[in-house]
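# Chains, contacts and geometry: an overview
So you can see what is in the structure, the chains are spelled out below.
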Amino acid sequence: MTKDLLLWDQTIFKEQEYFELDFLPENLLHRDAQMRSLKFSVSPALRGSTPLNAYCRGAPGTGKTSAVLKVFSELENATQKVVPVYINCQVDSTRYAIFAQIFKKLFGYPPPSSGISFKKLFSQIAKHLVEKKRVLIVALDDFNYLMASKEADEVLYSLLRMHEVQPGAKVGVITILSDLTLDMVRDLTPQVQSVFLPEEIAFPQYSPEEIKDILKYRVRYGFMQGVISDELIDIVTGYTADTGDLRVGINMLKRAGLNAERRASRAISKEDIEKAYEGSRYIHLNYTIRNLKKEEKVLLKCIVASGKEEMMSGELYECFKEKTDLGYTSFYEMVNRLEGLKILSLNTTGKGTRGQSRLVSLMYDPGEVEKRIDV
Ligand SMILES: Nc1ncnc2c1ncn2[C@@H]1O[C@H](COP(=O)(O)OP(=O)(O)O)[C@@H](O)[C@H]1O
Ligand SMILES: [Mg+2]
């Protein structure tokens, strides 16, 4: 009996880092094709030429950020002549902020805090690239944040036409988008479209088998031996597959491990897993709601405010119409999109036309949804 109990200074984690969401594993499983495409796009840079542009597309938690960071770290280890710059557009969401990050990466220090004009910032970057014969590759992650603020065109235009202002400047761009309903290329102006022409790299959702493989890898390196059984990993896999977001599973393993430790147990139990899910399931919701448009949040708020478990779509539209100036077509598209994001579920009643009689319900507890909506 006592050998099943942990002493207070013992732990069932071998490397807890393996369960952190920003942890970059040595191997990305089941992403060989995507890694190959990414490497193919950037490979001209290794020969001193302009790389191809790329566009990574896929649902949240399908490994897009990890794949790009992986390729970037390999590039950095290989040469000083190629400079990869990773931008999180949610953090740096203006053209100026993005170019300031590029400046910092190239020069090793930030632009003067007294402030310099964009034009100056731009020309210093361009000159540096030509003089030092360096090729710049910029990854714009969560690119939807730039599309919302209309900075997207200007950022791409400035990067991809740098060679016109400074002949010899070589720049490639990789955009990353988790929003499958946005058509980023179509939404750009024709002038930008004509210079961007990206290779599209699709990141499909992982199958349950693939999810299990990836989770087992974390278990092998993150936990001591025998901490979690194969049957319990199957349960975590099932919950993860429901959202399609790997972060749910990785976070569940960590929470389940901590729950076991709290009981001073050397092994994770089914209850530890179920309790972990209560917390981890909201990881996907947090991420998704943060990325919604204002009107989509208004729509969710209408459902929450109704106090009902299910709402007829016609009735929901009445509430939505009052609070926004959008018509039925936009409403209809939004409902479908929210279903695609696994926030809403839709059921048909078999009555009515054009889906007026669909039943709409939340996939999460209304109180939890409300807490995360800031409109
Ligand atoms: N193929 C994979 N192999 C191992 N871990 C992965 C893989 N794909 C994703 N992950 C892990 O899942 C989490 C989400 O991945 P991330 O790259 O952030 O997805 P995305 O950018 O598509 O939302 C991260 O913790 C990452 O380490
Ligand atoms: Mg990402």
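Thresholds, definitions, all that
Residues numbered from 1 in each chain as written. Chains lettered and ligands numbered in written order. Predicted model: local features only at pLDDT ≥ 70, side-chain atom pairs only at ≥ 80, totals over all residues. Heavy atoms only, no water. 1 Å grid on protein atoms, 1.4 Å probe; cavity = no way out; pocket = protein on both sides within 12 Å on 5 of 7 lines; lining within 4 Å. Points joined across faces, edges and corners; volume = space filled by probe spheres on them. Helix = DSSP H or I, 4+ residues; strand = E, 2+ residues; numbered from the N terminus. Nonpolar A, V, L, I, M, F, W, Y, C, P; charged D, E, K, R; others polar. Domains from an automatic or database assignment.

### Re the layout of surface pockets
Where empty space is left can be seen by rolling a probe of water-molecule size over the atoms. A volume near 710 Å³ is recorded for the largest pocket. Leu-21, Gly-63, Thr-65, Ser-66 and Arg-247 are the residues nearest the centre of the largest pocket, which is lined by 32 residues in total. Residue assignment for the lining of the largest pocket shows that the elements contributing at least two residues are helix 2 (64-78), strand 2 (82-88), helix 9 (208-222), helix 11 (246-262) and helix 12 (270-290). The greatest single-element share of the lining of the largest pocket, amounting to 4 residues, is contributed by helix 2. For the lining of the largest pocket, the class distribution of residues is 15 nonpolar, 9 polar and 8 charged. Both of domain 1 (2-20 + 206-289) and domain 2 (32-203) provide at least three residues apiece to the lining of the largest pocket. Computed from the structure, the second largest pocket encloses a volume of approximately 530 Å³. The wall of the second largest pocket is formed by 22 residues, among which Met-147, Ala-148, Leu-182, Asp-187 and Lys-293 lie closest to the centre.

### Observations concerning empty space enclosed by the protein
Counting across every chain of the model gives 1 cavity of 30 Å³ or more. Here the largest cavity defines a volume of roughly 110 Å³. As for the largest cavity, its lining consists of Pro-60, Asn-144, Ser-178, Asp-179, Tyr-287, Thr-288, Asn-291, Leu-292, Arg-337 and Leu-341. In the lining of the largest cavity, the residues fall into 4 nonpolar, 4 polar and 2 charged.

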